[in-house]
Amino acid sequence: MKNKGVRLSKNVVPLEYDIQLKPDLENFTFSGVETIKLLILKSSHTLTLHSKEIAIETADVILGSEKVFAGKITYDKKTETATFLFPKFIPTGKVKLRLVFQGILNDKMRGFYRSKYSIDEKEYHMATTQFEATDARRAFPCFDEPAHKAIFHVSFVVPKGKTAISNTLPVSVREHDGEFEIVKFMPTPKMSTYLLAFIVGDFENVESKTKNGTRVRVFTTPGKKHQAKFALECAVKTLEFYEKYFDIKFPLPVLDMIAIPDFSSGAMENWGAVTYRESAILVDEEHSSLSNKQWVALVVAHELAHQWFGNLVTMKWWTHLWLNEGFASYIEYLAVDKLFPKWDIWTQFMTDDLGRGLRL
């Protein structure tokens, strides 16, 4: 028997997502409503999307003036997909699919997850995301492949007083049910699902601006923003350097960098909202070593390189991720050498990177 392919059908193309999520930081769940504008290239009774650990309550499409509900929703655990069977054929052309669903804020540091930290021995939680490579499907049903780029309209329903962060800047905040507010963000550029970021919690931040007017902010858990100044300075200078070097303006109005207490890798280059392990972004001027500073500068330069190489230009499939990562792992040294010439960082590159490469 021939192996069934793991990729989604090329006959359905996502164009735009409108997603509203409501995380519950006490019960560690979330609810969501999304509408996906699709381009159907071949008429069919079914639609298949990626979905993992999500309970989809309803799925419907608008056909003409009629709302048609899926009669059956089936899940395939192996391919991590959900298939909707409709009583009518979905014609070719543009169509809107609307989904209502529930999910879990897991503790696996994958998908939409909860991160834990303590202040004065009291425990707190935030909701954050890690989608690369294939975990956006844990947060919302989607076409979770890098080539399936689309525009995302994101909004969160959050308790008043909480900070909500996504890839772009908020355009509106309106009251909802007395204790909540709906934070709506600007639409994103056309982008891959793995680069989305959804973050809700208690944060404080430091802020600056590049010469071109891009807002740069670093968010930390309460009481740590004094350790974010070095990363902020690095980010501003690195952004300015890359804009000049690549001769392409950073395409978003904001670059946020967020220090996350529970984080599986060093950092993740979500477009406009880069997440970091605390040790890869925080520098305590009185206690941090120079090697710690160098590490932070290199990680910031690496993630910001991805804003162009990876985010603006993306590999079609994961087989070519080496190109994305290889380039960022080289260019980070170029940026840091420009920012801190006294560090003689290329000598370090010889021992740390080139030596390791030759050894392999």
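Below is a short write-up of the structure. (Residues numbered from 1 in each chain as written. Predicted model: local features only at pLDDT ≥ 70, side-chain atom pairs only at ≥ 80, totals over all residues. Heavy atoms only, no water.)

## Quick look at the pairing of strand β16 (residues 204-209)
Pairing of β16 with strand β17 (residues 215-220), which is carried by 6 bridges, proceeds in the antiparallel orientation. Note that in β17 the partner of Glu207 across the bridge is Arg217. (Pairing = 2+ DSSP bridges. Helix = DSSP H or I, 4+ residues; strand = E, 2+ residues; numbered from the N terminus.)

## A few points about a nonpolar patch on the surface
Taken together, the side chains of Ile248, Leu312 and Val313 make up a nonpolar region of the molecular surface, amounting to roughly 240 Å² of accessible area. Tracing the backbone through its elements, the reader meets Val313 in the loop between α2 (290-306) and α3 (321-339). (Patch = residues over 30% accessible without salt bridge, like charges linked within 9 Å, V, L, I, M, F, W, Y side chains within 5 Å. Areas by Shrake-Rupley, 256 points an atom, 1.4 Å probe, with all protein chains shown as cover. Salt bridge = Lys/Arg side-chain N within 4 Å of Asp/Glu carboxyl O.)

## Section: the packing of aromatic side chains
Per the counting criterion, the structure on display carries 28 aromatic pairs. An aromatic cluster of three or more residues is present, and its members are Tyr17, Phe30, Phe112, Phe131, Phe140, Phe152, Phe156, Phe185 and Phe198. Its guanidinium or amino end placed over the ring of Phe180, Lys22 lies 4.3 Å from that ring's centre, counting from NZ or CZ. Across the ring face of Phe28, the terminal group of Arg114 is positioned such that the distance to the ring centre comes to 4.1 Å. (Phe/Tyr/Trp six-rings, centres within 6.5 Å; stacked < 30°, edge-to-face > 60°. Lys NZ or Arg CZ within 6 Å of the ring centre and 35° of its normal.)

## Focus on the sheet that holds strand β3 (residues 44-50)
The antiparallel open sheet is built from 3 strands, whose spatial order is β3-β7-β6. The open sheet is flanked by β3 and β6 (72-76), the only strands paired with a single partner. Along the sheet, successive strands turn relative to each other by an average axial angle of 25°, direction set aside. With 6 bridges connecting them, β3 and strand β7 (residues 81-90) associate as antiparallel partners. Bridge assignment links Ser44 to a residue of β7, and that residue is Ile90. (Axes fitted to C-alpha atoms, helices over the stretch in contact; angles between N-to-C directions.)

## Observations concerning the side chain of Glu332
Take Glu332: it is sitting in helix α3. Salt bridges are absent for the buried Glu332, whose nearest opposite-charge side chain, Arg356, sits at 8.0 Å. Engagement of the side chain of Glu332 in a polar contact is seen with the side chain of His302, the distance being 2.6 Å. Apart from the residues within four sequence positions on either side, Glu332 is in contact with Tyr242, Leu298, Ala301 and His302. (Buried < 20%, exposed > 50% of the residue type's maximum accessible area, 1.4 Å probe, protein only. Lys, Arg positive; Asp, Glu negative; His and termini not counted. Polar contact = N/O pair within 3.5 Å; in protein donor to acceptor, adjacent residues only side chain to side chain. Contact = heavy atoms within 4.5 Å.)

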